[in-house]
Every structure is written in structure tokens, then in C-alpha cells.
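Single-letter residue listing:
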Amino acid sequence: MFGFEHNEKVLMLVRRHWFLFIIDIVFLGVLAVVPALLMIFIPDTVWQSLAIAGNKAELGFFLYALWLLILWVALFVRWTDYYLDLWVITDRRVVDVEQRGLFSREVVTASLDRIQNVAIDTSGLIPTLMNFGDVRIETAGAETRNIIIKSAANPEEVKRLILKALDAFQHPSRGGL
Amino acid sequence: MNGEVVFTPAFPVLFDLFAYVFTPGALWAVFYAAVVLFAVASGALLYHWLRYNVGMFRTLLVIGVYYTGSAIFLSTAYASLLLF
């Protein structure tokens, strides 16, 4: 995925909350059902008036199978996007791996000595109930970007771990993680 | 016309166009285009799964589920097209 340094220890892998992926699945499921419902509720007279030389039911199956194939591929593209879009917290840095679709990928690294502040943003009913939100990692220096862990599950725990890693990194004499 | 009223329903005229769109030749072209697009998308997915895989068993499981489902939809489309 990316190169780790010698003796670098991974403390946590963070992904977006699973609830967001479930929303994608539900949306695709609705899209899968809509054509079937249309076929059921459109009157027979409409189908009979279609000037198609061939078996209309087989045509319906053909188009519906292709539609389901498109949604099936879209589901796995979304899953791949969800699965490969992750944040890695190690004892030396935070790595943001941003997967955008299938053909765009960006890896941003923030060394722990650059981190100035860690903030949490949980807004909305569902994020509050499901306990997920954004973790904003603010870094020093013009050349390093801030990292935002989007919709992380249990953001308080993520923040606590980053601050603990930061403390251990800045004060190694106090003992490791 | 001699004053007689000619009723031209809108739907059937529009629906006549389907006879030109849904011909076997056009549907086979759609099917082949879908197969090509599917192959490209599957190749890209497979590349990501194998390059960034976390566990080989999980990766193989995902690949198996993906291609099994795809094979069902593609074979259904193919069989329907043959019977059309």
C-alpha cells in the first residue's frame, strides 16, 4: 500500500463508518428494484402497443439483466473505494490514503512532529447516534497539508490515540505506547 | 379527408419507434458493448484488489463473489437475447 519505515509500528487503521457504505448498498438496491416495479405496475395495454418484433418478455429480461450487471459492478466499485480509502496511524506519522473511484489515488503523510492540534467534528443526528465524525489533524508548515479523517468510527478514540502517540513521540523518555 | 375526424393517438406513434431501436442487431451491439465495458471495469477492480489486498483469502472471496454474480447476469442477458 505504501512503504513503512524500519521498526514503524501501526497503531490503528481507520476507515469511514460502515453506515455510509450501507447507505450506498440501500441506494443501489432501490435502483435495482425500480425497473421490476415499473414492469409490474405499467398496464398490459401499454406493453401490447409497443411495436417490437420479438419476445417482449425476453427483451425485458435482457435489459434488466444488463441493468443489474451495471449496479453489481457499481456496488463493487463503491466497496473498493470504501475499503481502500483509509487512514493509518503509526507511532511516527499519520498517513491519509485517499482513493477516488478506480483511477485516482492520493497518499498524504503527516509526521507526528508536525501535528499541532487534533479536533473532532460530529454534526447531525445520525453521526451522533452512530458515533462517527470527522477528525481534523492540523499540521504546521506551509508544505504539509492538514489531514481530515472523514466519518471515522469512534472519533474520540481516534483522537485519544493520536494524542497519545504524539506524546510518546515528543517525550520518548516517558515510555512508549 | 372530407370533414372526417382522424384520431392519431400519441403513444402508438411514439411506440412504433421501438421497432427500429429494439432490433436483434442493435441488441447484440448493446450486449457486446456491455461485455467490453464490464471487462475494462473488472480489470481495474482486479488490479486494485490484487495490488492493495490485505488478506489473500478475503481477496479471493471477493473476486469469487464478484465474478459469480457477474456471470449470472451476463449469462441471463445472453440467454434472453438468444430467445428474443
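Described in the following lines is the structure provided in the data block. All values derive from a computational prediction rather than experimental measurement.

1. So, the sheet that holds strand β4 (residues 104-111) of chain A
All names here are of chain A.
No. 1: In space, the four strands of this open sheet follow the order β1-β2-β3-β4, with antiparallel pairing throughout. Where the open sheet ends on each side, the last strands, each with one partner, are β1 (10-15) and β4. Along the sheet, successive strands turn relative to each other by an average axial angle of 15°, direction set aside.
No. 2: Looking at chain direction, β1 and strand β2 (residues 86-90) are connected through five bridges and run antiparallel. Opposite Leu13, over in β2, you have Val88 as the bridge partner.
No. 3: Along the sheet face, helix α3 (residues 56-84) touches β1, β2, β3 (93-100) and β4 and points at about 170° away from the line of β3.

2. Structural notes on the environment of Phe21 of chain A
Residues and elements named next belong to chain A.
No. 1: By secondary structure assignment, the location of Phe21 is in helix α1 (residues 18-41).
No. 2: The exposure class of Phe21 is buried, given its relative accessible area of 13%.
No. 3: Note: C-alpha distance between Phe21 and Lys164 (143 residues apart in sequence) is 30 Å.
No. 4: Among residues more than four places away in sequence, those in contact with Phe21 are Leu75, Arg78, Trp79 and Tyr82.

3. Some details on the pattern of salt bridges
Residues and elements named next belong to chain A.
No. 1: Under the defined criterion, the tally for this structure stands at seven salt bridges over all chains.
No. 2: With a shortest N-O distance of 2.7 Å, Arg100 and Glu106 are connected by a salt bridge.
No. 3: Among the residues examined, Arg100 registers a relative accessible area of 42% and is labelled partly exposed.
No. 4: Assessed through its relative accessible area of 25%, Glu106 is described here as partly exposed.
No. 5: Residue Glu157 is joined to Arg160 by a salt bridge in which the shortest nitrogen-to-oxygen separation is 2.8 Å. In this pair, Glu157 and Arg160 are both assigned in helix α5 (residues 155-170), three residues apart and thus about one turn of the helix distant.
No. 6: Classification of Arg160 by relative accessible area gives partly exposed; the value is 40%.
No. 7: Through salt bridges with shared partners, a single ionic network connects Asp24, Arg78 and Asp81.

4. Focus: the interface of chain A and chain B
No. 1: Listed by partner, the interface residues are 30 residues for chain A and 31 residues for chain B.
No. 2: Between chain A and chain B the total buried area reaches about 2,900 Å² when both faces are included, carbon and sulfur atoms providing 80% of it.
No. 3: Seen at the junction of chain A and chain B, the total is zero salt bridges.
No. 4: Between the two partners, chain A and chain B, sit five residue pairs in polar contact (both at pLDDT 80 or more).

5. Observations concerning the packing of α3 of chain A against helix α4 (residues 56-83) of chain B
No. 1: Between α3 of chain A and α4 of chain B, the shortest axis-to-axis distance is 7 Å and the interhelical angle comes to 165°. The orientation of α3 of chain A with respect to α4 of chain B, classified from their angle, is roughly antiparallel. Considering only the axes of α3 of chain A and α4 of chain B, their crossing is left-handed.

6. A few points about the nonpolar core
No. 1: Grouped together as the largest cluster of nonpolar side chains are 38 residues, with contacts concentrated most on Phe62 and Phe76 of chain A together with Leu27, Trp49 and Tyr66 of chain B.
No. 2: The set of elements that each furnish at least two residues to this core consists of α1 and α3 of chain A together with α3 (24-51) and α4 of chain B.
No. 3: Broken down by element, this core gets its largest block of residues, 14 residues, from α3 of chain A.
No. 4: Within the second largest apolar cluster, 19 residues are counted, among which are Val118, Val135, Ile147 and Leu166 of chain A.

7. Quick notes on the layout of surface pockets
All names here are of chain A.
No. 1: When its volume is computed, the largest pocket comes out at roughly 490 Å³.
No. 2: Surrounding the largest pocket, 17 residues form its lining, Met39, Trp47, Lys56, Gly60 and Leu63 being those nearest its centre.
No. 3: The set of elements that each furnish at least two residues to the lining of the largest pocket consists of α1 and α3.
No. 4: Take the lining of the largest pocket: its biggest share by element is eight residues, from α3.
No. 5: When grouped by side-chain class, the residues that make up the lining of the largest pocket number 15 nonpolar, one polar and one charged.

Scoring rules and cut-offs
- Residues numbered from 1 in each chain as written.
- Chains lettered and ligands numbered in written order.
- Predicted model: local features only at pLDDT ≥ 70, side-chain atom pairs only at ≥ 80, totals over all residues.
- Heavy atoms only, no water.
- Pairing = 2+ DSSP bridges.
- Helix = DSSP H or I, 4+ residues; strand = E, 2+ residues; numbered from the N terminus.
- Axes fitted to C-alpha atoms, helices over the stretch in contact; angles between N-to-C directions.
- Contact = heavy atoms within 4.5 Å.
- Buried < 20%, exposed > 50% of the residue type's maximum accessible area, 1.4 Å probe, protein only.
- Salt bridge = Lys/Arg side-chain N within 4 Å of Asp/Glu carboxyl O.
- Buried area = accessible area lost by both parts, 1.4 Å probe.
- Polar contact = N/O pair within 3.5 Å; in protein donor to acceptor, adjacent residues only side chain to side chain.
- Parallel < 35°, antiparallel > 145°, perpendicular 65-115°, else oblique.
- Left-handed = near helix turned anticlockwise from the far one by under 90°.
- Core = buried A, V, L, I, M, F, W, Y, C linked by side-chain atoms within 4.5 Å.
- 1 Å grid on protein atoms, 1.4 Å probe; cavity = no way out; pocket = protein on both sides within 12 Å on 5 of 7 lines; lining within 4 Å.
- Points joined across faces, edges and corners; volume = space filled by probe spheres on them.
- Nonpolar A, V, L, I, M, F, W, Y, C, P; charged D, E, K, R; others polar.

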